[in-house]
Amino acid sequence: MTKFIALAFLLFSSNFIFSQKNKTKTTETPKPFVLGVIDEIQSKELNEKRVLNIYLPEGYNPADTTKYPVIYLLDGSADEDFIHISGLVQFNSFEWINQVPKSIVVGIATVDRKRDFTFPTTLEKDKTRFPTTGHSDQFIAFIEKELQPFIEKKYMTNDSKTIIGQSLGGLLGTEILLKKPNLFNKYVIVSPSIWWNNGSILDLDSIMLKENFNQPTEIYIAVGKEGLTPTEIPRVMEVDANLLVEKLKESKSKNVKVYFDYFPEENHGSILHTAVSNSFKFFYPRIK
């Protein structure tokens, strides 16, 4: 009997040790979950290296002839908006959803939002509070002369180019739209910081407001219940967004389409995900 107990204990111990070794081995060799690729570009315009987070759609193969739309995402760091926006693009391109064509997402990782997304201000208090501001011209040149050519050379892209920007990113999107509208043919502008420099961007003239502007351009603007802006002269985010919409709708070009969304249940921090999801419904309406 004693021998039987000893033998049973030995077998139990061996199985326990073996299972623990297997468990340890399994724990030590996890497989990585790959969402995309991290690329880099050395910018002469910005005099620095910029990180790009790239989402490539399912089935993407550089050896194929298939080319894809590109969605450029401001605030595209991994800890900002890259992951959840890429998820929206993936979800909406599922064949059983089929809202959006399979697309490449280029997340431009942030370095200094106030420097890159704002034009010079005449307000001395803002110059003091935000000393690096006022260099959006360099960032726009980076997008035009370096980033877009880099992406178009390295990845399988077609002519469809979308930009997504919120808050100061929405201000930059608005500036690009008015100054260099041909850089993109779809604009997602969410809660734009029109208040910058006392709303002077609303006074800009633009070729895209003229009758002879011939590039098909779709503009989606959204705002939540966001209230007063951080300015000395009181402004209201919802009012500014509406003023921008009214300005754009005055375009004499038949090639410009403007969509406006108001989300009273969303605030400045929560609106982006819902707004981007809704923008796809405007840009790519389903045929019933």
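Residues numbered from 1 in each chain as written. Predicted model: local features only at pLDDT ≥ 70, side-chain atom pairs only at ≥ 80, totals over all residues. Heavy atoms only, no water.

S.K.: What exactly am I supposed to notice about the sheet that holds strand β2 (residues 48-55) here?
M.R.: Within a beta sheet, neighbouring strands are joined by backbone hydrogen bonds and run either parallel or antiparallel to one another. What the 8 strands build is an open sheet, ordered β1-β2-β4-β3-β5-β6-β7-β8; its pairing is mixed. Two strands bound the open sheet, and with one partner strand each, they are β1 (37-43) and β8 (256-263). Each strand of the sheet is rotated relative to its neighbour by a mean of 20 degrees, with strand direction disregarded. Where strand β6 (residues 186-190) and strand β7 (residues 217-224) come together, 5 bridges link them in parallel fashion. Note that in β7 the partner of Lys186 across the bridge is Glu218. Along the sheet face, helix α6 (residues 168-179) touches β5 (157-166), β6 and β7 and points at about 145 degrees away from the line of β6. Set on the sheet, helix α7 (residues 237-249) makes contact with β7 and β8; between it and β7 the angle comes to about 165 degrees. (Pairing = 2+ DSSP bridges. Helix = DSSP H or I, 4+ residues; strand = E, 2+ residues; numbered from the N terminus. Axes fitted to C-alpha atoms, helices over the stretch in contact; angles between N-to-C directions. Contact = heavy atoms within 4.5 Å.)

S.K.: Which parts of the structure should I look at to understand a nonpolar patch on the surface?
M.R.: A cluster of nonpolar side chains, contributed by Phe33, Leu35 and Ile83, occupies part of the molecular surface with about 340 Å² of accessible area. By the element assignment, Phe33 lies in the loop between α1 (2-28) and β1. (Patch = residues over 30% accessible without salt bridge, like charges linked within 9 Å, V, L, I, M, F, W, Y side chains within 5 Å. Areas by Shrake-Rupley, 256 points an atom, 1.4 Å probe, with all protein chains shown as cover. Salt bridge = Lys/Arg side-chain N within 4 Å of Asp/Glu carboxyl O.)

S.K.: Could you clarify how one ought to interpret the packing of helix α2 (residues 82-93) against helix α8 (residues 271-283) in this entry?
M.R.: For the pair α2 and α8, the least separation of the axes is 10 Å and the interaxial angle reads 30 degrees. Taken together, α2 and α8 sit at an angle that is classed as roughly parallel. In the crossing of α2 with α8, the sense of the turn from one axis to the other is right-handed. For the pair formed by α2 and α8, the contact residues are His84, Ile85, Leu88, Val89 and Asn92 on the first element and Leu272, His273, Val276, Ser277 and Phe280 on the second. Taken together, the residues that form the contact of α2 with α8 break down as 6 nonpolar, 4 polar and no charged. (Parallel < 35°, antiparallel > 145°, perpendicular 65-115°, else oblique. Left-handed = near helix turned anticlockwise from the far one by under 90°. Nonpolar A, V, L, I, M, F, W, Y, C, P; charged D, E, K, R; others polar.)

S.K.: Would you mind showing me how to read the side chain of Ser136 here?
M.R.: Its place among the elements puts Ser136 in helix α5 (residues 136-154). The exposure class of Ser136 is buried, given its relative accessible area of 1%. A distance of 3.4 Å separates the side chain of Ser136 from the backbone nitrogen of Phe119, its partner in a polar contact. With sequence-adjacent residues up to four places away left out, Ser136 is seen in contact with Arg115, Asp116, Phe117, Thr118, Phe119, Leu172 and Glu175. (Buried < 20%, exposed > 50% of the residue type's maximum accessible area, 1.4 Å probe, protein only. Polar contact = N/O pair within 3.5 Å; in protein donor to acceptor, adjacent residues only side chain to side chain.)

S.K.: What is the right way to look at the pairing of strand β4 (residues 104-108) in this model?
M.R.: Looking along a regular strand, one sees the side chains alternate between the two faces of the sheet. Burial of β4 is extensive: 5 of the 5 residues sit out of reach of the surface. As paired strands, strand β3 (residues 68-73) and β4 are joined by 4 bridges and run parallel to one another. Pairing of Ile71 across the sheet is with Val105, part of β4.

S.K.: Sorry, what's going on with the nonpolar core here?
M.R.: One broad rule of soluble globular proteins: the nonpolar side chains tend to lie buried together. Core analysis: the largest hydrophobic core is formed by 52 residues, its most contacted members being Phe139, Ile151, Ile176, Met208, Ile219 and Leu248. In this structure, Phe139 is in contact with Leu46, Arg50, Leu74, Ile108, Asp116, Phe117 and Leu172, ignoring residues within four places of it in sequence. In this structure, Tyr55, Ile164, Val190 and Tyr220 belong to the second largest nonpolar core, which totals 23 residues. (Core = buried A, V, L, I, M, F, W, Y, C linked by side-chain atoms within 4.5 Å.)

S.K.: For this particular structure, what's the right way to read α5?
M.R.: An α-helical segment advances 3.6 residues per turn. Residues three or four places apart therefore align on the same side. For α5, with 19 residues, the first-to-last C-alpha span of 25 Å sits near the 27 Å given by 1.5 Å per residue. The sharpest bend along α5 measures roughly 40 degrees and falls at Ile143. Listed in full, the buried residues belonging to α5 are Ser136, Phe139, Ile140, Ala141, Phe142, Ile143, Glu146, Leu147, Gln148 and Ile151. (Expected span 1.5 Å × (residues − 1). Bend = angle between axes of the 7 residues up to and from the residue.)

S.K.: Please explain the pattern of salt bridges as it appears in this structure.
M.R.: A side chain of one charge can pair with a side chain of the opposite charge when the charged atoms of the two come close. Tallied over the full model, the rule gives 16 salt bridges. Across the pair Lys154 and Asp39 runs a salt bridge, and its minimum N-O distance is 2.9 Å. Pair noted here: Lys154 is in helix α5 and Asp39 is in strand β1, with a separation of 115 residues, a long-range link. Relative accessible area serves as the criterion here: at 9%, Asp39 is assigned to the buried category. Counted as one network, the salt bridges with shared partners bring together Glu48, Arg50, Arg115 and Asp116.

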